[in-house]
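As a plain string of letters, each chain reads:
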Amino acid sequence: MNIIRQIETEHLRLDMPKFKPGDTVKVHFRILEGEKERIQVFQGAVLRVRKGTTDSTFTVRKVSDGVGVERIFPMHSPFIERVEVMIEGKVRRSRLYYLRNLKGKASRIKSKNAWNN
């Protein structure tokens, strides 16, 4: 069992910032198009963080042209250039799936460092 754990720890990324559901993050994701490579930025709210070793993931949701777009990123993927935490959200749940049914201003998440808490 130690051999498996040793192999998994070799593939873990140690440069990931700490974030949790409710935070607004920018994920800089490397995309291969043919032989070209570019970085695409995906900015949105973190709906869920699935913990684990090499199989940990996080789900980010954004609204683009009135359509909700969700994307699941592997936490330790080599295609993730970097993750920036833009805003820390103030939520009381670990799964924010209820945001899928909300529209407009109702789908906003309060900021943790807002003046009026």
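Scroll up for the structure.
Counting restarts for each chain: residues are numbered from 1 in the order of the written sequence. In view of the model being predicted, local features appear only for residues whose pLDDT reaches at least 70, and side-chain atom pairs are presented and counted only at 80 or more, with totals across whole chains, interfaces and linings using the full set of residues. The side-chain values count all of the structure's non-hydrogen atoms but skip hydrogen atoms and water molecules.

> Even after reading the chapter, I still don't get the pattern of salt bridges, so can you show me in this structure?
One speaks of a salt bridge when a side-chain nitrogen belonging to Lys or Arg is within 4 Å of a carboxyl oxygen belonging to Asp or Glu. Under the definition given, this model contains nine salt bridges. Arg13 is the salt-bridge partner of Asp15, the closest N and O atoms lying 3.0 Å from each other. Relative accessibility decides the category of a residue: with a 1.4 Å probe and only protein chains considered, values under 20% of the type maximum give buried, values over 50% give exposed, and everything between is partly exposed. What makes Asp15 exposed here is its relative accessible area of 51%. Residue Glu33 pairs with Arg38 through a salt bridge whose shortest N-O separation is 3.0 Å. On the basis of relative accessible area, Arg38 is assigned to the partly exposed category, the value being 37%. Via salt bridges that share partners, Arg30, Glu37 and Glu81 belong to a single interconnected network.

> I'm lost on the packing of aromatic side chains in this one. Help?
When we look at a pair of aromatic rings, we describe it by the centre distance and by the angle of the planes. A pair of Phe, Tyr and Trp rings is counted when the ring centres sit within 6.5 Å of each other, with Trp represented by its six-membered ring. The angle between the planes then sorts it: under 30 degrees is stacked, over 60 is edge-to-face, the rest tilted. In the structure shown here, the tally under the stated rule is five aromatic pairs. Relative to Phe79, the ring of Phe29 lies with its centre 6.4 Å away and its plane at 45°, an arrangement referred to as tilted. Taken as a pair, Phe29 in strand S1 (residues 24-33) and Phe79 in the loop between strand S4 (67-74) and strand S5 (80-87) lie far apart in primary sequence, 50 residues in all. Given the relative accessible area of 11%, Phe29 is considered buried. A relative accessible area of 36% places Phe79 in the partly exposed class. Both rings, one in Phe42 and one in Phe73, keep their centres 5.8 Å apart while their planes meet at 70°; by these two values the pair is edge-to-face. Residue Phe42 is located in strand S2 (residues 36-50), and its partner Phe73 is located in strand S4; the two are separated by 31 residues in the primary sequence. With relative accessibility at 0%, the residue Phe73 sits in the buried group. Secondary structure elements are taken from DSSP: a helix is a run of H or I of four residues or more, a strand is a run of E of two residues or more, and numbering for both begins at the N terminus.

> Sorry if this is basic, but what is going on with the nonpolar core here?
If you look at soluble globular proteins, the nonpolar side chains tend to sit buried side by side. The term nonpolar core refers to a set of buried residues drawn from Ala, Val, Leu, Ile, Met, Phe, Trp, Tyr and Cys, joined through side-chain atoms within 4.5 Å. Formed by 15 residues in total, the largest nonpolar core has its most connected members in Phe19, Val27, Phe58, Phe73 and Val83. For this core, the secondary-structure elements that each account for two or more residues are S1, S2, strand S3 (57-64) and S5. The contact criterion used throughout is that any non-hydrogen atoms of two residues lie within 4.5 Å. In this view, Val27 contacts Gln40, Val41, Phe42, Phe58, Val60, Phe73, Ile80, Arg82 and Val83; residues no more than four positions away in its chain are not counted.

> Can you walk me through unusual backbone geometry in this structure?
The phi angle of most residues is negative, glycine excepted, and most peptide bonds adopt the trans form. You will see that Asp65, though not glycine, has its phi angle at about 55°, which is positive. Of note, Asp65 is situated in the loop between S3 and S4. Judged by relative accessible area, Asp65 falls into the exposed class, the value being 80%.

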